[in-house]
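# Fold and contact review
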Amino acid sequence: MKNTVKLELTKEWDKTFPKSEKVNHRKVAFPNRYGITLAADLYMPKEAEGKLAAIAVCGPFGAVKEQAAGLYAQTMAERGFLTIAFDPSFTGESGGTPRYMASPDINTEDFQAAVDFLSVQENVDPERIGIIGICGWGGLALNVAALDTRIKATVASTMYDMSRVNANGYFDADNSADARYAKKEAMSAQRLADYKNGSYALGGGVVDPLPEDAPFFVADYHDYYKTDCGYHKRSLNSNGGWNVIGCMSFMNQPILQYSNEIRSAVLIMHGEKAHSCYFSRDAYAAMVKDNPYTDNKELLIIPDAVHTDLYDGGGKDAIPFDKLEQFFSENMRRHL
């Protein structure tokens, strides 16, 4: 498209996972409807012929495509799918200013823009496109599935509902009008401070060094984002984090309003021991309530897995890639 801005994309392999010899890899870029150019890694199985089923992958929230999303994309390409892992607007190698902002609307659009891109590739079957969202992008993937009828199958992995966690706090501990008012008051003051300073204050990424009394889920994030297994120089979570006001709009804009109208196939999967498992359990219950299209919906709880085990397998092959291959293959069959 004419409004695609040329990005300076890294040429060397700088992922947190090894390069597969079973797939071809290249960098691509495409615009969303707001004119922001998104950067992506495209993975295609070697010796591939004809039009392939395709999958767009994004997440976790505050990560980059060189982390978990790229691992999912490359692994699914090994299994015969053409895949892309992309950086959201304002982050990673993608365009958009100011940096390190998030938006329920723009980030939903990012997924739709990825579907646009895949739909016009000469080696992609536009009738067989799916998406995978990880962590906060799991909730956004469900939001996209409720909006975009081109998507035939959706996986939400170790999902967060970013509207819920921003409005209610972790475990809904701040779910009151007074608590929300105090949070909004602080962020409103921060907006003015940022305006006066001419720059946006960062909220800080994953805490480092890790305090001895840190909650388990904070230690879980630290073990991924701040160690060799998951650290990346462009990852917000590995470094300075989002802007303090970066996620403010999520407090006031629910993203799963019409999830029970999703007709396409959805697999929600989560670790049994993840602090965040309640997001998936509740999202699944809301999605199937009064929904006449439930035969193609599934909640998969993975025994003994914690939240970040579904980022990289956790050293115990926790990501059920066989299940993902089966799910996408069955729900993106070619219709003759």
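Please refer to the structure placed before this passage.
Residues numbered from 1 in each chain as written. Predicted model: local features only at pLDDT ≥ 70, side-chain atom pairs only at ≥ 80, totals over all residues. Heavy atoms only, no water.

## Considering the environment of Thr97
Along the chain, Thr97 falls in the loop between strand E4 (82–86) and helix H2 (104–119). Sequence-wise, Thr97 and Ile36 are 61 residues apart; in three dimensions their C-alpha atoms are separated by 8.9 Å. (Helix = DSSP H or I, 4+ residues; strand = E, 2+ residues; numbered from the N terminus.)

## Digging into the sheet that holds strand E2 (residues 37–45)
Pairing is mixed across the open sheet formed by eight strands, whose spatial order is E1-E2-E4-E3-E5-E6-E7-E8. Because the sheet does not close on itself, it has two edges, and the strands there are strand E1 (23–31) and strand E8 (297–302). Going across the sheet, the axis of each strand differs from the next one's by a mean of 20 degrees, ignoring polarity. Pairing of strand E3 (residues 52–58) with E4, which is carried by four bridges, proceeds in the parallel orientation. (Pairing = 2+ DSSP bridges. Axes fitted to C-alpha atoms, helices over the stretch in contact; angles between N-to-C directions.)

## Some thoughts on the packing of aromatic side chains
One pass over the structure, following the stated rule, counts 22 aromatic pairs. On the numbers, 5.1 Å between centres and 25 degrees between planes, the contact of Phe30 with Phe117 is stacked. Within this pair, whereas Phe30 is found in strand E1, its partner Phe117 is found in helix H2, the two being separated by 87 residues in sequence. By the burial criterion, Phe30 is buried, and Phe117 matches it. Centroid distance Tyr221 to Tyr225: 6.3 Å. Interplanar angle 40 degrees. Geometry classified as tilted. In this pair, Tyr221 and Tyr225 both sit in helix H6 (residues 216–225), four residues apart, roughly one turn of the helix. The class of Tyr221 is buried, set by a relative accessible area of 10%. For Tyr225, a relative accessible area of 1% corresponds to the buried category. (Phe/Tyr/Trp six-rings, centres within 6.5 Å; stacked < 30°, edge-to-face > 60°. Buried < 20%, exposed > 50% of the residue type's maximum accessible area, 1.4 Å probe, protein only.)

## Topic: the layout of surface pockets
Space inside the largest pocket adds up to approximately 820 Å³. Contributing to the lining of the largest pocket are 29 residues, with Met162, Asn166, Tyr170, Gly204 and Trp242 lying nearest its centre. Among the elements of the structure, helix H4 (162–168), helix H5 (177–197) and H6 are those that each provide at least two residues to the lining of the largest pocket. Ranked by residue count, the leading element in the lining of the largest pocket is H6, at four residues. Here the residues of the lining of the largest pocket are counted per class, giving 19 nonpolar, eight polar and two charged. Its boundaries defined by the atoms lining it, the second largest pocket holds a volume of some 250 Å³. (1 Å grid on protein atoms, 1.4 Å probe; cavity = no way out; pocket = protein on both sides within 12 Å on 5 of 7 lines; lining within 4 Å. Points joined across faces, edges and corners; volume = space filled by probe spheres on them. Nonpolar A, V, L, I, M, F, W, Y, C, P; charged D, E, K, R; others polar.)

## Some points on the packing of H2 against helix H3 (residues 136–145)
Following both chains from N to C, one finds H2 and H3 inclined at 75 degrees, their axes separated by 9 Å at the closest point. Judged by the angle between their axes, H2 and H3 are roughly perpendicular. Of the residues in H3, those touching H2 at Pro104, Asn107, Thr108, Asp110, Phe111 and Gln112 are Trp137, Leu140, Ala141, Asn143 and Val144. Its residues assigned to classes, the contact of H2 with H3 comprises six nonpolar, four polar and one charged. (Parallel < 35°, antiparallel > 145°, perpendicular 65-115°, else oblique. Contact = heavy atoms within 4.5 Å.)

## Points about unusual backbone geometry
At the junction of Gly59 and Pro60, the peptide bond is cis and its omega measures out at -5 degrees in the coordinates. With phi around 60 degrees, Asp290 is a residue other than glycine that occupies positive phi space. With respect to the secondary-structure elements, Asp290 resides in the loop between helix H7 (277–288) and E8.

## Remarks on the packing of helix H1 (residues 68–78) against helix H9 (residues 321–331)
Where H1 meets H9, the axes come as close as 11 Å, and the angle between the chain directions of the two elements is 65 degrees. You can see that H1 and H9 cross each other, and the crossing is right-handed. Residue-level inspection shows Leu71, Tyr72, Thr75 and Met76 of H1 in contact with H9, the latter providing Phe321, Leu324, Glu325 and Phe328. The residue inventory of the contact of H1 with H9, partitioned by class, reads six nonpolar, one polar and one charged. (Left-handed = near helix turned anticlockwise from the far one by under 90°.)

## So, the side chain of Asn168
Along the chain, the position of Asn168 falls in helix H4. Using a relative accessible area of 13% as the deciding quantity, one classes Asn168 as buried. At 3.3 Å, the side chain of Asn168 forms a polar contact with the side chain of Asp172. Within the structure, the side chain of Asn168 is placed 3.0 Å from the side chain of Arg180, a separation counted as a polar contact. The residues contacting Asn168, other than those within four sequence positions of it, are Ala173, Asp174, Asn175 and Arg180. (Polar contact = N/O pair within 3.5 Å; in protein donor to acceptor, adjacent residues only side chain to side chain.)

## Quick notes on H1
Along H1, 10 of the 11 residues are buried, which leaves the element largely enclosed by surrounding structure. Listed in full, the buried residues belonging to H1 are Ala68, Ala69, Gly70, Leu71, Tyr72, Ala73, Gln74, Thr75, Met76 and Ala77. At the exit of H1 stands Gly80, carrying a positive phi of roughly 105 degrees.

## Structural notes on the pairing of strand E5 (residues 124–134)
Here E5 lies mainly inside the structure; nine of its 11 residues are buried. By the bridge criterion, six bridges tie E3 to E5 in an arrangement that is parallel. Its bridge partner lying in E5, Val57 is registered against Ile132. Where the polypeptide runs from E5 across H3 and back to strand E6 (residues 151–157), its parallel neighbour, the crossover connection is right-handed. (Right-handed = clockwise from strand over helix to strand, strands pointing away.)

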